[in-house]
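# Notes for the structure review
Take a look at the letters that make up each chain.
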Amino acid sequence: LIPVLGLTEATNVAIDNEYGKGNLKGIRNVQTVSLLLMAGYMTIVAIVGLFAWEGLSSVFNSNEEVVRFSVLTFKFLAVPYIFFAVSSALKTVFIGVGNTLYYFIPSTVVNLAMYVPLGILVKMGLWEPTFEGVMMLSFFVFASDMVISALLVKRQYLMLSRSPK
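Anyway, here's the lowdown on the structure attached to this text. Numbering of residues begins from 1 in every chain and follows the order in which that chain's sequence is written. Totals for whole chains, interfaces and linings use all residues, but because this is a predicted model, local features are given only for residues with pLDDT of at least 70 and pairs of side-chain atoms are given and counted only at 80 or more. Computation of side-chain values: all heavy atoms of the structure, hydrogens and water removed.

When helices and strands are counted, the chain shows five helices and zero strands. Runs of H or I in DSSP of at least four residues are treated as helices and runs of E of at least two as strands, each being numbered from the N terminus. Sequence-ordered secondary structure for the chain, helices as α and strands as β, is α-α-α-α-α. Each principal axis of the C-alpha distribution contributes one length, and for the chain these read about 60 × 40 × 15 Å. Expressed as a percentage of its 165 residues, the buried residues of the chain come to 33%. By definition in these notes, contact holds between two residues if any of their heavy atoms fall within 4.5 Å. Excluding contacts between residues fewer than 6 apart, the proportion of contacts in the chain whose partners are at least 24 apart in sequence is 80%. Roughly 9800 Å² of accessible area belongs to the chain as shown, and the carbon and sulfur atoms make up 70% of that amount. Charged side chains of the chain number 11 positive and 9 negative; the gap between the two group centres comes to 18 Å. Any residue under 20% of the maximum accessible area for its type is buried, any over 50% is exposed, and the rest in between are partly exposed; the area is computed with a 1.4 Å probe on protein chains only. Where accessible areas are quoted, they stem from the Shrake-Rupley method and a 1.4 Å probe; at the residue level, only the protein chains shown are allowed to cover. Charge counting follows a simple rule: Lys and Arg are positive, Asp and Glu are negative, and His as well as the terminal groups are ignored. Charge placement uses NZ in Lys and CZ in Arg. For Asp and Glu, CG and CD serve respectively.

This next bit is on helix H3 (residues 64-97). In this model H3 runs 48 Å from its N-terminal to its C-terminal C-alpha over 34 residues, within 8% of the 50 Å that 1.5 Å per residue would give. Most pronounced at Leu77, the bend in H3 amounts to some 45°, and the proline Pro80 follows within four residues. Polar contacts, as used here, are pairs of N or O atoms within 3.5 Å; protein pairs need one atom able to donate a hydrogen and one able to accept it. Residues neighboring in sequence count only if both atoms are side-chain atoms. Looking at where H3 begins, the residue whose side-chain oxygen comes 2.8 Å from the main-chain nitrogen of Glu65 is Asn63. One or two residues past the end of H3 sits Gly98, with phi positive at roughly 85°. The length a helix should cover is 1.5 Å for every residue beyond the first. What is called the bend at a residue is the angle between a pair of axes, fitted to the seven residues leading up to and ending at it and to the seven starting from it.

This brings us to the pattern of salt bridges. For this analysis, a salt bridge means a side-chain nitrogen from Lys or Arg found within 4 Å of a carboxyl oxygen belonging to Asp or Glu. Inspection of every chain in the model, using the stated rule, returns three salt bridges. Note that Glu18 and Lys21 form a salt bridge whose closest N and O atoms lie 3.5 Å from each other. In this pair, Glu18 and Lys21 are both assigned in helix H1 (residues 2-21), three residues apart and thus about one turn of the helix distant. Note on Glu18: relative accessible area 13%, which makes it buried. Across the salt bridge formed by Asp145 and Lys91, the nearest N and O atoms sit 2.9 Å from each other. Taken together, the positions of Asp145 in helix H5 (residues 131-162) and Lys91 in helix H3 put the pair 54 residues apart, joining distant regions of the chain. Across the pair, Lys91 and Asp145 agree in class, each one buried.

So, on to the nonpolar core. Nonpolar core, defined: a set of buried Ala, Val, Leu, Ile, Met, Phe, Trp, Tyr and Cys residues in which side-chain atoms within 4.5 Å join the residues together. Ile27, Val93, Phe94, Val97, Val153, Tyr157 and Leu160 are the most contacted members of the largest nonpolar core, which has 20 residues in total. Elements with a minimum of two residues in this core: helix H2 (24-60), H3, helix H4 (100-123) and H5. Those residues in contact with Ile27 that sit more than four places away from it in its chain are Ile15, Glu18, Tyr19, Val93, Val97, Tyr157 and Leu160. Ranked by size, the runner-up nonpolar core spans nine residues in total, among them Val4, Phe74, Ile82 and Ala85.

Structure (structure tokens):
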């Protein structure tokens, strides 16, 4: 994930530079290239990891149970991490143009709509979290964040196309 996080920060700055010039096409180009690089990188990591993760995990830990959970975790999170990369690339436009409210909304919606109710259910004893349950929750959290971000990006570009800058 480190390359995705680094590219996200660089893209924030590059979009800000294009925004300062009033170059909407430049903003779109920077974001598109960033999106392709991030999603492509995480897709390659996911594909390679599906075949090589057990071997890599075994290098760092000789406990078979830990390695098994590491492989299982990787399999559960490979696609959600691609979603994370896409969301990260999408959100760069919000930071780049200074609309941090749109950056804040997906996290708030996901936390209030998913984590808080589940936390209450756990506290009340109505849901017993399992490894698989938490992994599936992660899938839905990352997917929801990506969808909400995509909708807000569409709205952000509409606002940018109408602004005089």
